[in-house]
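What the coordinates show
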Amino acid sequence: MKKEKCLSEADKVLILSCSEGSNVGQLAKETAKRLSSQGIGEIYCLAGIGGHIDGFVESTHEVRKVVVVDGCPVHCGKKTLEQADCPITIHVVVTDFGIRKISDFHLDDNDIMKVENAFKEKMKK
Ligand code: SF4
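Residues numbered from 1 in each chain as written. Predicted model: local features only at pLDDT ≥ 70, side-chain atom pairs only at ≥ 80, totals over all residues. Heavy atoms only, no water.

**Structural notes on the sheet that holds strand E3 (residues 65-70)**
Where strands meet in a sheet, backbone hydrogen bonds hold them as pairs that are either parallel or antiparallel. Stated precisely, the cut-off is as follows: One bridge is not enough; two strands pair if DSSP finds at least two bridges between them. A run of DSSP states H or I qualifies as a helix once it reaches four residues; a run of E qualifies as a strand once it reaches two. Both are numbered from the N-terminal end.
Spatially, the 4 strands line up as an open sheet ordered E2-E1-E3-E4, and their pairing is parallel. Looking at the sheet topology across the chains shown, the edges are occupied by strand E2 (42-43) and strand E4 (90-93). In the sheet, E3 pairs with E4 via 4 bridges, with the strands oriented parallel. When the sheet's bridge partners are listed, Val-69 is paired in E4 with Val-92.

Spelled out as structure tokens, the structure:
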């Protein structure tokens, strides 16, 4: 039977972000979307990993890098991958950049740039 897969191919960088119930979760998602639109990586479905869907989990083992962007130290994205035994190459946490977690979803462009630039620095290493 054909296994379910998202759109990513095996040689890609996958970018997964946590969910978005706060400003920092929204920032994680926005960062993932921007990086994906810039061709730095390809946004991937965390829900597919959380659901332990075979093709989704397997893809994380086949790609060059798996990047996780979490909003806060609860690390929902990282823990979701760990529970499915998926590798993680880079882990970025939005609150590590001095951005406070609040329930206001209006995102500051400076905060988005801060997370995006920090991510790019980590990608260079
Ligand atoms: S890591 Fe933090 S911001 Fe992201 S989904 Fe979990 S609790 Fe929400």
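Here the narrative resumes, following the displayed structure.
**Focus on the site of the ligand**
As a reminder of what qualifies: By convention in these notes, a residue is near a molecule or strand provided one of its non-hydrogen atoms lies within 4 Å of it. Gly is put with the polar residues, along with every residue not named as nonpolar or charged; the nonpolar set is Ala, Val, Leu, Ile, Met, Phe, Trp, Tyr, Cys and Pro, and the charged set is Asp, Glu, Lys and Arg.
The immediate surroundings of the ligand are formed by Cys-18, Ser-19, Ser-22, Gly-25, Asp-70, Gly-71, Cys-72, Val-74, His-75, Cys-76 and Lys-101. By residue class, the composition of the shell around the ligand is 4 nonpolar, 5 polar and 2 charged.

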